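# What the coordinates show
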Amino acid sequence: MNRIPGELLSSFFQALLPIPPRDFSPLPPGADRPEAIQSLRLVSKLWNEAVLETPFVWSYIELSAKDAELRRARQWLKRSKAAPLHIRMRFHSTDLQTTETRKAIEALWSEAYRWSTYIITAFLPVEAIQQQGWFKLVPPVPLPNLREAWIMGSEYSSFISELNAPRINILVELGVLTKIRLTSLPDLLSWKLEPPSRRMEWERLAQIVRASPKLAVLQFIKTRREDDTRDGEITEIMRGVTFPSLMGLIVSPGRTSFGFLEKLRAPGLEILVIEEYLSDVHIPIPPIESCPSLKRIRFSNNPRLSAVREGVSRMTAGELGRLIVDIEIRSFSRNPARETPETRKFQQHMKWLEETCLVNWIQV
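Predicted model, so just to flag it, every value in this text is computed and none were measured.

This part takes up the sheet that holds strand S12 (residues 358-363). Here we have twelve strands laid out as an open sheet, ordered S1-S2-S3-S4-S5-S6-S7-S8-S9-S10-S11-S12, and parallel in their pairing. Strands with a single pairing partner mark the edges of an open sheet, and in this sheet they are strand S1 (60-63) and S12. Between one strand and the next, the sheet's axes are offset by a mean angle of 10°, whatever the strand orientation. Direction of pairing for S1 relative to strand S2 (residues 85-92): parallel, over a ladder of four bridges. Pairing of Glu62 across the sheet is with Arg88, part of S2. The strands touched by helix H5 (residues 99-110) within the sheet are S1, S2 and strand S3 (115-123), with S2 carrying the most contacts at an inclination of about 150°.

Following the criterion strictly, the structure yields twelve aromatic pairs and no others. Arranged with centres 5.6 Å apart and planes meeting at 70°, the rings of Phe13 and Trp47 form a pair that is edge-to-face. Of the two residues, Phe13 sits in helix H1 (residues 6-16) while Trp47 sits in helix H3 (residues 45-52), which places them 34 residues apart along the sequence. Counting every residue linked through ring pairs, the aromatic cluster contains Phe91, Trp109, Trp134 and Phe135. Against the face of Trp76 rests Arg72, its NZ or CZ located 5.8 Å from the ring centre. When the ring centre of Trp58 is taken as origin, the NZ or CZ atom of Arg79, which lies over that ring, is 4.6 Å away.

For helix H2 (residues 33-41), the set of buried residues is Arg33, Pro34, Ile37 and Leu40. The arc that holds every buried residue of H2, seen down its axis, measures 125°, which confines them to one face.

Definitions and limits used
Residues numbered from 1 in each chain as written. Predicted model: local features only at pLDDT ≥ 70, side-chain atom pairs only at ≥ 80, totals over all residues. Heavy atoms only, no water. Pairing = 2+ DSSP bridges. Helix = DSSP H or I, 4+ residues; strand = E, 2+ residues; numbered from the N terminus. Axes fitted to C-alpha atoms, helices over the stretch in contact; angles between N-to-C directions. Contact = heavy atoms within 4.5 Å. Phe/Tyr/Trp six-rings, centres within 6.5 Å; stacked < 30°, edge-to-face > 60°. Lys NZ or Arg CZ within 6 Å of the ring centre and 35° of its normal. Buried < 20%, exposed > 50% of the residue type's maximum accessible area, 1.4 Å probe, protein only. Arc of directions from axis to C-beta.

The structure is reproduced here in structure tokens:
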């Protein structure tokens, strides 16, 4: 063991301690990382020194109001040296009241120029936000090397500072609209957010799209919010807005209007994904004139087949002639163990769809 070169050991540590996937999981994915690191350090004196001298090992930092995480944050920050940082924060209720919490957050902010990925979940009462005026969902400093940001919180303008991240590729927003420096978006490739529900949100969407020439994937997350914007207003706001690099658009039917799809200008759009299609809410098909590359529509995440049939029935002959319809179904749905009225109806829907359009069944 002690004859393994230090460089090889460092590579070995990186393979054993990968950076956890980015998501909004309520359970910290790196909870067992401290114990895994300690196990490696206990192998031998050489391994202990190698672990301490491998900045990558210490570059993933989770922070909450827990005492253990507060103690680790500044120690790991120092040991990470100049390595790119991967930061995950989560705060609730009265978590920001202690001095130690503020010191740990500000220590991480002071190294924000090294951040590569950033995930934050922060649901705090209005009173807590007002009392802790220093806290921001986004660090109040530039993030010159940030590539990916996942931001979940409550929408209060004093709670958010401007996102200044000129190299960002992936942005996810949930429950919050981030203030974004529009010069920061030349490399934005993927954007996930709740659908706009007010005029100002549609205007924000239009502004960001204009500033994001490389945006390839846009996803609207399902929401319970009502869209109080009239279709005429949306058409006016989105008029002349082109998605030059958009290849995939993902929508989730809910209470939001998707009438803008009728005016969508995305010459490179190849696939429209409709998630959780459980009712016959009409989703317009983008026109061939402004979306000539659109060839597929996919109904994903266990759609209701009767709703899919209703949606397909509203398509024109021209639309059906140019589109492949992908439908995700569970394997046991297509081959049920026994016949029931529900399975017979399911088979009838399948037969109708196969006779009506070019359908591709995807078993999940």
